[in-house]
Amino acid sequence: MVRLPEVIDDFDAVPAHAKGAVVVIGNFDGVHKGHQALIADARTEADARGTTVGVLVFEPHPAEYFGRVSEPFRLAPLNAKVHMLGDFGVDFVYVCTFNESVATLSAEDFVTRVLVDALGARHVVVGYDFRFGHDRAGDTEMLRDLGETYGFDLDVVSAVRTTDDGDVYSSTLIRQHLKAGRPADAAELLGHPWYVEGPVVEGDQRGRTIGFPTANVSMQGYLEPRLGVYAVLVEVEDGPHEGEYLGVANIGKRPTFNKDDVTLEVHLFDFAGDLYGTTVRVSFVEFLRAEQKFDGLDALKAQIAADCDEARRILGADAA
């Protein structure tokens, strides 16, 4: 099991063992291949120095704080982000509460109060387009100068580009792929399938009455991808049914039943059991079809059966 990073969210009381790390700064939404390049650079430097790697993130996301988004847009809320960062060997996640006092810090004050005083940074890693401080006044050249003044080194990692068309790896591009129903393209940029990780919550239990029981998974804080049906991989992370399963998922409003709220319902193949209260990770492999309204339950059941057969084919399982 991957060791989770230690989360530090009180910058007035950072423990001594969490200071002096190589600090990587960014939002790290999705921890895509560009982010992974930053972490790899930091790990190389940390190993050379005999120290640890810490990632500095901001909560809430500045775009949320400033009201620049009108709906959930994150590829990974904080808890999932911490898990992803652990996959890449990060030792600490420093969570900086983004509020008025932080938003109005000058660039130099951000460096002195956060990087120097709170974290004791001796080496910092950022991307080529990093900006910081009030009104984003600070850039990488200013950060390098401030590092010389306050005693830390700086690595600026150049843009990491895809091999196909030269696009820069970015969370924005991944969101566009997911909104368009292209999870495989998103996975290529992420280095892994995009997934939703959350608890199984109470649903209306209608699926079991038509022969396709589903687990309803909370999507709180996650981007809403294209609505419809997907072939998925499901990892049950705890409880007596811990393990990996194949399945089919629907993200949508269930128009056949005149519902308006968006839910994630997952049907696990060859599974019998109760998942309430467990945490699952639903990885989106391929988009099958858009959500549609059916004339009745028989038509719905026939389509779900066809969806299951198609998902089994895509996922490499024999059709039932």
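Our structure's up above, just so we're on the same page.
Values in this document were obtained by computation on a predicted structure and should not be read as measured data.

Trainee: Is there a simple way to explain the pattern of salt bridges in this structure?
Mentor: Side chains that differ in sign of charge can pair as their charged atoms come close. This model, assessed by the stated rule, comprises 17 salt bridges. R49 is the partner of D153 in a salt bridge, and the nearest nitrogen-oxygen pair spans 2.5 Å. With D153 in strand 6 (residues 153-157) and R49 in helix 1 (residues 33-49), this pair connects stretches of sequence that are 104 residues apart. Under the relative-accessibility criterion, R49 is labelled partly exposed at 37%.

Trainee: Got a minute to help me understand the pairing of strand 12 (residues 279-290) in this structure?
Mentor: On a regular strand, each side chain points to the face opposite its neighbour's, so the side chains alternate between the two faces of the sheet. Bridge count for strand 7 (residues 195-201) against strand 12 is 5 bridges, and the pairing is antiparallel. In the sheet register, V196 faces strand 12, and the bridge partner there is V282. Strand direction decides the pairing type here: strand 9 (residues 228-236) and strand 12, joined by 9 bridges, are antiparallel. For A231, the partnering residue across the bridge sits in strand 12 and is E286.

Trainee: What should I look at first to understand the sheet that holds strand 10 (residues 243-252) in this one?
Mentor: The strands that make up a sheet are held in pairs by hydrogen bonds between backbone atoms, and each pair lies either parallel or antiparallel. What the 6 strands build is a closed barrel, ordered 7-8-11-10-9-12; its pairing is antiparallel. Pairwise comparison of adjacent strand axes, ignoring direction, gives a mean angle of 45 degrees for this sheet. Relative to strand 8 (residues 215-217), strand 7 runs antiparallel, the two being bridged by 2 bridges. Across the sheet, the residue bridging to V200 is V217, located in strand 8. Relative to the sheet, helix 8 (residues 183-190) contacts strand 9 and strand 12, its axis offset from that of strand 12 by approximately 135 degrees.

Trainee: How do you make sense of the layout of surface pockets when you look at a structure like this?
Mentor: In this approach a probe as big as a water molecule rolls over the atoms, and the regions it shows empty are the leftover space. Reported here for the largest pocket is a volume of approximately 1,200 Å³. Together, 40 residues line the largest pocket, and G26, N27, D129, F130 and R136 are the ones closest to its centre. Only helix 1, helix 2 (62-65), helix 4 (100-103) and helix 7 (171-179) provide two or more residues apiece to the lining of the largest pocket. Of the residues that constitute the lining of the largest pocket, the class distribution is 20 nonpolar, 13 polar and 7 charged.

Trainee: How should I be thinking about the side chain of H267 in this particular structure?
Mentor: Topologically, H267 is positioned in strand 11 (residues 263-268). Overall, H267 belongs to the buried group, its relative accessible area being 13%. Reaching out from H267, the side chain makes a polar contact with the backbone oxygen of P213 at a distance of 2.8 Å. Among all residues touching H267, those that are not within four sequence positions of it are F212, P213, T214, L246, G247, V248 and C308.

Trainee: Explanation requested: the packing of helix 7 against helix 8 in the structure shown.
Mentor: Two numbers describe a pair of packed helices, the interaxial angle and the distance between the axes. One way to put it is that helix 7 packs onto helix 8 with a least axis distance of 7 Å and a crossing angle of 160 degrees. As judged from the angle between their axes, helix 7 and helix 8 are roughly antiparallel. Pair helix 7 / helix 8 crosses with left-handed handedness. Facing helix 7, whose interface residues are L173, I174, H177 and L178, helix 8 presents P183, D185, A186, L189 and L190. By residue class, the composition of the contact of helix 7 with helix 8 is 7 nonpolar, 1 polar and 1 charged.

Trainee: For this particular structure, what's the right way to read helix 6 (residues 140-150)?
Mentor: For an α-helix the count is 3.6 residues per turn, leaving residues at separations of three or four pointing the same way. Along helix 6, the residues classified as buried are T140, L143, L146 and G147. Down the axis of helix 6, the buried set is contained in an arc of 115 degrees. They therefore lie on one face. Exposed and facing more than 90 degrees away from the buried side of helix 6 are E148 and T149. Against the buried residues of helix 6 lie helix 5 (107-118), strand 5 (123-127) and strand 6.

Trainee: Is there a simple way to think about helix 5 in this case?
Mentor: When the terminal C-alpha atoms of helix 5 are compared, their 15 Å separation across 12 residues agrees well with the 16 Å that a helix rising 1.5 Å per residue should span. Within the sequence span of helix 5, burial applies to A107, F110, V111, T112, V114, L115 and A118. The secondary structure elements touched by the buried residues of helix 5 are strand 2 (22-25), strand 3 (53-59), strand 5 and helix 6.

Trainee: Sorry if this is basic, but what is going on with the packing of aromatic side chains here?
Mentor: Taken as a whole and judged by the stated rule, the model has 13 aromatic pairs. Residues F58 and F98 carry aromatic rings whose centres are separated by 6.1 Å and whose planes lie at 90 degrees to one another, so their mutual orientation is edge-to-face. Placement of the pair is F58 in strand 3 and F98 in the loop between strand 4 (92-97) and helix 4, with a sequence separation of 40 residues. The same class applies to F58 and to F98, which are both buried. With 6.2 Å between their ring centres and 80 degrees between their planes, W194 and Y222 make a pair best called edge-to-face. Of the two residues, W194 is situated in the loop between helix 8 and strand 7 and Y222 in the loop between strand 8 and strand 9; the sequence distance between them amounts to 28 residues. Its relative accessible area of 2% is what places W194 among the buried residues. Here the basic side chain of R312 rests over the ring of F269, its NZ or CZ set 4.3 Å away from the ring centre.

Conventions adopted
Residues numbered from 1 in each chain as written. Predicted model: local features only at pLDDT ≥ 70, side-chain atom pairs only at ≥ 80, totals over all residues. Heavy atoms only, no water. Salt bridge = Lys/Arg side-chain N within 4 Å of Asp/Glu carboxyl O. Helix = DSSP H or I, 4+ residues; strand = E, 2+ residues; numbered from the N terminus. Buried < 20%, exposed > 50% of the residue type's maximum accessible area, 1.4 Å probe, protein only. Pairing = 2+ DSSP bridges. Axes fitted to C-alpha atoms, helices over the stretch in contact; angles between N-to-C directions. Contact = heavy atoms within 4.5 Å. 1 Å grid on protein atoms, 1.4 Å probe; cavity = no way out; pocket = protein on both sides within 12 Å on 5 of 7 lines; lining within 4 Å. Points joined across faces, edges and corners; volume = space filled by probe spheres on them. Nonpolar A, V, L, I, M, F, W, Y, C, P; charged D, E, K, R; others polar. Polar contact = N/O pair within 3.5 Å; in protein donor to acceptor, adjacent residues only side chain to side chain. Parallel < 35°, antiparallel > 145°, perpendicular 65-115°, else oblique. Left-handed = near helix turned anticlockwise from the far one by under 90°. Arc of directions from axis to C-beta. Expected span 1.5 Å × (residues − 1). Phe/Tyr/Trp six-rings, centres within 6.5 Å; stacked < 30°, edge-to-face > 60°. Lys NZ or Arg CZ within 6 Å of the ring centre and 35° of its normal.

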